[in-house]
Structure formats: C-alpha cells, structure tokens
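# Fold and geometry: a report
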Amino acid sequence: MLNSIWNRRSFIGRTAIGAGAVIGGSTAIELLSTTRVWAAAEGTDGDILNFALTLEYIEATFYERGNAAGLITDAREKDIFATIQKDEEAHVQALTDTLNKLGVAPVAKPTITFPAATFASRESYLKLAIVFENTGVGAYLGQAGSITNKDILQAAAGIFGVEARHAALIGVISGATPEGGIYKGATETPIAKGDVLAAVMPFLGGMPNTGFAPAKQSVNLLPAGLAIGGAAAALVAFRTRGSRTPQL
Amino acid sequence: MNQDPFEGRPVIQFASEKDRRAFLKYAALVGVGGSLVSALPISNVFAAASPTPSPSGSPSPSGSPNPSGSGTSQFGAGDIGILNYALTLEYLESEFYQKGLAANILGDDAKYVTPVAAHEAAHVAALTATLNKLGATPATKPTFVFPPTTFTDKATFLKTAVIFEETGVKAYHGQVVLIKDAAILGAAASIAGVESRHAAVLNYLTQTPPVPNPVEQHATADETLAAIKPFLGA
C-alpha cells in the first residue's frame, strides 16, 4: 500500500514555499509596515487546536520513527533529536488535554505514513525534518490572529517559538546555509491553514475526522528527493479559503 | 566560559533545563491555574518578585492572564507602548551584535551571528517604520553600556548573546496576549519566532541546552526592563 501511495511521479502544483520562502531584512520591513496577509478566522479555537494537534501528531510520529531508525549517531545531535521528539509529544499531550478541557473532542490520531526513503538515511531524515519544522512554524503563525482565548494564544505562541528553535537546530545539524536554511529571514512567514493541510495531507494515510476546509492551491513542501504523487497528489487538489489583509 | 558577563549581578534568572515529563503535569494549556506557564520555575521566581500589577496603575486588558504587562505604558499607551518597548530591546540587541561583529572575535561562528545582527537591525527599522506609520513617535535609542570583556572575549560575547536572546523571546511572549491589533500581533509574533531561532543557535554554540522548555516562557515588561537595566547607561 505504501508503494502505491508513495510512487515517485512528480508532484502537481509545486510551489516555492518550502524551498524559497526566504525573507530578507528589507522585505521584513515591508512586511511589518505595509500590508500583510494573515489567515482569516478559520474556525473556533477548538478547530485551530485540532488543526495544531494533527500537525503535532505527524511531527511526533515522524521523530519517533526517525529516532528509532538510528540515523543520528553523534551524541549531541542524538540528544537534540530526543529533546525534539519529547517536545512534539508534549505538544500532542497539551493540545489533547486542552481540547478536552474546552469540551471539544480532540481529533483521533490519523494514520501517518512517510515515503519509504524518509528514514533511509540521515540526509533524507534531516531534509524532511527541516520541512516539517518550518511548516509548523508557519502554521502556528498563520493562526495567531484567529485565536480568541488569551491562554490558548499564549500557549500556541509558546509552541510556535519552540518549533522555530527546532527548525533552526535541525538547520545547524544539517549544515544548512545560515540565512535561508537555519534562519528564514528577519521575520517568520505565516502559512495559511489550507496550504498547510495540502502540504501535510500526503502524510495522512487515513483521513482523520477533522472537518478541515479544503485548500485552493496545492502546495508541495517536500524536498525534491521526497516528491510524491498519484493518489496522494489527488488528495492535495483542494481549495483554500479567502484571506483578509489588514492594514498596519 | 566561567566569566560572568554581568559581574555577579543577577540579570535574569532562567529556568534550568526542566524535566519534560514534568511538563505533562501541566500539559493542558488552559484550566490549570491560568496557564501552564505559571507552573514553571521562571514564573515562580518572577511571581514572587512582582506579585502586583505595575506601579503605573494602568489597568490590564480584560481577560489577560498577564496582569502585570502594563510596564510598557511608560513607552506609550496600548500597542504603541508595546512597539516602543520592543524597539528598545531591539536597539540593545542590534548595537550588541554590531559591536560584536566589528570586534572580529567570533572566528567561524561569525557565519551564524552575522545574519542575527542583520535581523536585529531589520527589527529596529521595521518597528520604527511601523510606529511612524501609526503616527507615533518611536522611542529614542538609549545609551548602552556593556561589561568590559563583552567584545574582547568570544565566550563572554556568546554567553551574553544567549541571555539577550532568551530575554527577547520571553519579552515578546509576554506581550503576545496584550497586543490588541491583529496585524501588530502577527508582526510581533513573526519577530518572536526569529528570536527563538537565534536563541537556539546561540545555545548550540555555547553548549547549553538549545530548547530549555517544550513551550516558550514569557516575562512581563517590568521583569524584562529590570533584567536589561544593567545595560542602560546614563
């Protein structure tokens, strides 16, 4: 079954979010002082938490499998990856508990699949790890303006910052270029919920009962070596919701 | 690495690497006494130090779990005060990195620090531009003083950088729930994430735990300003 999903045909609608969303200093100034697109309110706080929970499930599972594969051998790097795994697991737990306290049913853990090549080498593991972390950073930031409960906002922001730490560390461990690899410019870039979902949908072997809005554009955050297609690509052909553009 | 850049003065006390399993005790993001963060060591330290709202007496925004966030009122009302508070911190960071790079003490690690310096300068410019756009007066740059060996000893510089970055992260997170305008919130958060990246990299370079907690902690403006006071000159 994995093989049928994870064949290597090229991916439709590949965009540059994963590879090229580097914001330089001068751009950052524009971002802050002119118009910036923020995600429209995309549901209740419960919806946002369930969205985040789905992402955290994917991340936690990713590190559980990757770390178990023994691809990271340096003691210090191993320690960092163990910490990252624990962080993602803690995020899953925290989001689940919070949803329960809100009286909102947490989404069930989806069936999560990764391309066979993902855990074949240190390089492929690091490559996808950096994509997941940067996607997580953008995903949380994309929801910043939509969260209404202040406690949840505080906590979600707190998780967001930790995902940014993870992204930077994996960049360092990967030997990535400082600007553009470890750092993504002077400001982080939000990613709309629809785009995030489109990007992670290929990893969801079973569609969870999320009620997520479909996305308009298909977006590929996968590194080139991990391109996917076929049935997974079909899942990605969704529509995204509109965005509002508040003036600063 | 044994040098103390603050000459024995307590600048800010950071939580030690905490047991992540303990986090699970406070795992729910709401409903455990206001927030999970209140259960963490750093907040306890601060809670003991400043149990009441700031002396300015300005009321905290309703619904805020961070009642002592009004320390920014000395910089202006509401979001303007928060932006000017952030600008003041960015001035400090920006000058610090500018001087550090100019001192040419970082060797190979300069490649990691050079972008950080550029980011902090961009933050200063962006916050200034935003304040101007809002019709507010940007805070003027204070005169900063740094301990003597800050720019002559690489280890001291990097250690100080870690402290500034961790302080900056906590400072932004302390304002997250107080910012009223959604666009300003988004912009501030987008800067905060970059400060987190800086903190992680600098911790890595100094062999300190790069992700001390599974969730970023936060500090009030009063706490942060007290922490940076040693660097404020006449």
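Scroll up to find the structure this text is about.
These remarks concern the structure in this document. (Residues numbered from 1 in each chain as written. Chains lettered and ligands numbered in written order. Predicted model: local features only at pLDDT ≥ 70, side-chain atom pairs only at ≥ 80, totals over all residues.)

### Remarks on the overall build of chain A
Spelled out, the test is: Comment: elements are numbered from the N terminus, with helices defined as DSSP H or I runs of at least four residues and strands as E runs of at least two. Exposed residues have 12 or fewer other C-beta atoms within 10 Å of their own C-beta, buried residues have 20 or more, and partly exposed residues fall in between, where C-beta atoms are placed from the backbone. We call two residues in contact when their backbone-placed C-beta atoms lie within 7 Å.
Within chain A, the regular secondary structure consists of 10 helices and two strands. When the helices and strands of chain A are placed in sequence order, the string is α-α-α-β-α-α-α-α-α-α-α-β. A burial count over chain A gives 56% of its 248 residues as buried. Long-range pairs, those at least 24 residues apart, make up 82% of the contacts in chain A between residues at least 6 apart in sequence.

### Notes on the environment of A:Ile72
Tracing the sequence through the fold places A:Ile72 in the loop between α4 (45–68) and α5 (75–102). With residues up to four places along the chain from it excluded, the contact list for A:Ile72 reads A:Glu77, A:Lys78, A:Phe81 and A:Arg122.

### Considerations on α4(A)
Residue and element names in this part refer to chain A. Going by this rule: Given the number of residues in a helix, its expected span is that number minus one, multiplied by 1.5 Å.
Taking 1.5 Å of rise per residue, 24 residues should cover 34 Å, and α4 covers 34 Å from first to last C-alpha, within 8% of that figure. With 18 of its 24 residues buried, α4 lies for the most part within the structure. Count one or two residues on from α4 and you reach Gly70, which has phi positive near 65 degrees.

### Thoughts on helix α5 (residues 154–175) of chain B
Three- or four-residue spacings in an α-helix give side chains the same orientation, since the helix completes a turn every 3.6 residues. With 22 residues, α5(B) extends 32 Å from end C-alpha to end C-alpha; this agrees with the ideal 32 Å at 1.5 Å per step. Judged by how many residues are buried, α5(B) sits mostly within the fold: 19 of 22 residues are covered.

### With respect to the packing of α4(A) against α5(A)
Two numbers describe a pair of packed helices, the interaxial angle and the distance between the axes. All names here are of chain A. As a reminder, the rule being used: Comment: axis = line fitted to C-alpha atoms, over the contacting stretch for helices; angle = value between 0 and 180 degrees taken between N-to-C directions. To sort the angles, those under 35 degrees are grouped as roughly parallel, those over 145 as roughly antiparallel, those from 65 to 115 as roughly perpendicular, and the leftovers as oblique. Note: crossing handedness is left-handed where the near helix turns anticlockwise from the far helix by less than a right angle, and right-handed where it turns clockwise.
Relative to each other, α4 and α5 sit at 150 degrees, their axes nearing to 8 Å. In terms of orientation, α4 and α5 fall into the roughly antiparallel class. The handedness of the crossing between α4 and α5 is left-handed.

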